Structure formats: structure tokens, C-alpha cells
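# Architecture and fold: a report
Each chain, written out:
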Amino acid sequence: MCTKDKAWQTQLLTDKYLDGVRGAIPLASEQLDIMLTAISMNGKVDNFLDLGCGSGILSAAILDRFPDAVGTLVDFSEPMLNAAQDHLSGYNKHLQLYKADLASASWLDLVRDRAPFDVIVSGYAIHHLTDNRKRELYEEIHGHLTVGGIFINVEHVSSSTPWVESLFERTFVDGLHSRERNKGGSRTREALAKEYYHREDKKENILASVENQCQWLGEIGYEDVDCYFKILELAVFGGRKKTAN
Ligand SMILES: C[S@@+](CC[C@H](N)C(=O)[O-])C[C@H]1O[C@@H](n2cnc3c(N)ncnc32)[C@H](O)[C@@H]1O
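To start, this report covers the structure provided alongside it. (Residues numbered from 1 in each chain as written. Predicted model: local features only at pLDDT ≥ 70, side-chain atom pairs only at ≥ 80, totals over all residues.)

Burial analysis of strand E4 (residues 117–123) places seven of its seven residues in the buried class, the great majority of the element. In this sheet, E4 lies alongside strand E1 (residues 47–51) in parallel orientation, the contact comprising four bridges. For Phe48, the partnering residue across the bridge sits in E4 and is Val119. In terms of strand pairing, E4 meets strand E5 (residues 145–156) through six bridges, oriented parallel. (Buried ≥ 20, exposed ≤ 12 C-beta atoms within 10 Å, placed from the backbone. Helix = DSSP H or I, 4+ residues; strand = E, 2+ residues; numbered from the N terminus. Pairing = 2+ DSSP bridges.)

Further remarks concern the nonpolar core. With 49 residues, the main nonpolar core has Met35, Ile39, Phe48, Ile62, Val119, Ile120 and Ile152 as its most contacted residues. With residues near it in sequence (within four places) discarded, Ile39 still touches Val45, Ile62, Val119, Ile150 and Ile152. (Core = buried A, V, L, I, M, F, W, Y, C linked by C-beta atoms within 7 Å. Contact = placed C-beta atoms within 7 Å.)

Here the focus is the site of the ligand. In the vicinity of the ligand, 19 residues are found, and the nearest of them are Gly52, Gly54, Ser77, Gly123 and Ala125. Contributing elements (two or more residues each) for the shell around the ligand: helix H1 (11–24) and helix H3 (57–65). When grouped by side-chain class, the residues that make up the shell around the ligand number eleven nonpolar, five polar and three charged. (Near = placed C-beta within 6 Å. Nonpolar A, V, L, I, M, F, W, Y, C, P; charged D, E, K, R; others polar.)

Okay, the sheet that holds E4 next. In spatial order, the strands read E3-E2-E1-E4-E5-E7-E6; together these seven strands make up an open sheet with mixed pairing. The sheet terminates laterally at strand E3 (95–99) and strand E6 (222–231), the two strands that pair on one side only. The average undirected angle you get between the axes of adjacent strands in this sheet is 15 degrees. Along the sheet, H3 makes contact with E1, strand E2 (70–75), E4 and E5, crossing E4 at roughly 140 degrees. Relative to E5, helix H6 (residues 131–143) is tilted by about 145 degrees, and along the sheet it contacts E4, E5, E6 and strand E7 (234–241). (Axes fitted to C-alpha atoms, helices over the stretch in contact; angles between N-to-C directions.)

Right, let's talk about the pairing of E6 for a bit. Relative to E7, E6 is paired through seven bridges, and the arrangement is antiparallel. Bridging from a neighbouring strand, Lys230 pairs with Ala235 of E7. From the end of E6 to the start of E7, which pair antiparallel, there are two residues, and Leu232 there has a positive phi angle of about 55 degrees.

Once that is clear, we can look at unusual backbone geometry. For the bond running from Ala115 to Pro116, omega is 0 degrees, close enough to zero to count as cis. Summarising the element assignment, Pro116 is placed in the loop between helix H5 (107–111) and E4. A positive phi angle, near 50 degrees, is found at Tyr124, a position not held by glycine. Tracing the backbone through its elements, the reader meets Tyr124 in the loop between E4 and H6.

This brings us to H6. The end-to-end C-alpha distance of H6 is 19 Å, a good match for the 18 Å that 13 residues give at a rise of 1.5 Å each. Looking only at H6, the buried set comprises Lys134, Leu137, Tyr138 and Ile141. One side of H6 holds all its buried residues, which, seen down the axis, span an arc of 105 degrees. Where H6 is buried, its residues meet E4, E5 and helix H9 (210–220). (Expected span 1.5 Å × (residues − 1). Arc of directions from axis to C-beta.)

Written out as C-alpha cells, the structure is:
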């Protein structure tokens, strides 16, 4: 591992996430269903953007529903972009993947020609940015949506209290354990819990409450802002760019 790499830019964490953690996310398919229902209800999807795309799970869900949509995917991890390339190879030819760091506004230079987007999504990525940067990014997203376009963030958010955080962690480890058993694996719940509590990427989480983040969206000028779905620390929230003032 190159020392300047963040955990998410390594092959090791990419494999761990894609082989185990992603599949153990509680109610993950319900989260995608809500995302797709909101997107479908909002109108046409000609041109979408997926920020922190990973292997392209959100993009694939959009393309399954809207096969002719043009997709732009951004991530700063080479292994993740390679996984997305493989995962999305059966989809249309209108996909473009970009390597860019969302920690500064320079990512916009790469995608500006493909904007505006009628849908912008992000899955479990923006919580790696500082709160100031999250808010700036929500402004940048707003600025690159079509009028009436929609932003949906499927995101890891903070718990209201340490007790609720423990409840989330316990629920998550239960999910990892049941996935292990379903795969015929032999790792114990205790071993999975130990690995989960000491996971390398935990230090890269900067969790913010869904309430604060929805407030920022409202202040920026999004409408119909809400948390559309939530189980403990996993939330689906967003808003639409106003059609008229
Ligand atoms: C937990 S994974 C989620 C991947 C995918 N969106 C999903 O829903 O499964 C987080 C992703 O965000 C990317 N990421 C984290 N920080 C980033 C940054 N500063 N700029 C761009 N991508 C970033 C990681 O490389 C990783 O692919």
C-alpha cells in the first residue's frame, strides 16, 4: 500500500467492502427502491451523476430502470473504478468514469462538459469529507443539477446518542454474521465484531446528523428536502432543485 493512499484507495479495502460489507448493509435493497421511486417520480432521467461511485451499485440500479440514461461516475479510488468498469460493462456505452477527489471543487473541471444532470446520487461516500466540505459539495451539486433535478444521498449518518450508536453497530455485526452463515463461512460473530470495530476505514468516517444535512440542503435552496428512509445510521435523504422561485 502506498503511504499517501487513503484506505479507500487500496485494493484490500475495496475487496473487503465489495465481498462483505456492502452485502451486509441492512435494508440495502429498500434504500435503492426508495432512491429509484424518488428518481422515477421526479421525471425523466437522461443524464445522471454518481459521486463516490465505488463499484457502481447505485448507477447499475439507475441503469436497470433507465437503460438509455447517460451516466457519469466519479471516485478517487483506482481499484473501485476498475470494479465499476467490470460491473457496468454490460450496460450502455454512454458511461464515463472519472478519477477525482471530492475533497476539493476541482472534480467539477472533469464533469462540467457533461452537466447539467437531472439526477445526482451518492452512496456512502460524502461522509468521508469534513462537514464544511460536505456543505460545499451540496452547493456544487445544486449548481450542476437541471432545474427540477433531484439529488439523493444514500448515506452513513451519525447517531443521536452513544446508546443508539451501539444499537447500530450491533445490528450491523448481526448483518455481517448472517451474511457469513449464508455464504457457508465459518467466522464467528465475535471474530466479525472484532474485525468490524477495528476496521481500517473507521477513522476516515466524519459522520454528520441527517437533520443537519437536510437543513443545509434547505438553506442552499433545494426543495422537498427530507430523510426519505432511515434505519439507525443509514439514511436516504435529498431534495430537488426548485423549478421556480
Ligand atoms: C463505502 S464506498 C461506497 C461505494 C458505492 N457508492 C456504494 O454505494 O457501494 C465509498 C466510496 O467513496 C469513495 N470516496 C471516499 N472518499 C472520496 C473522495 N474524497 N473523493 C472521491 N471518492 C471518494 C471511495 O473510494 C469508495 O469507492
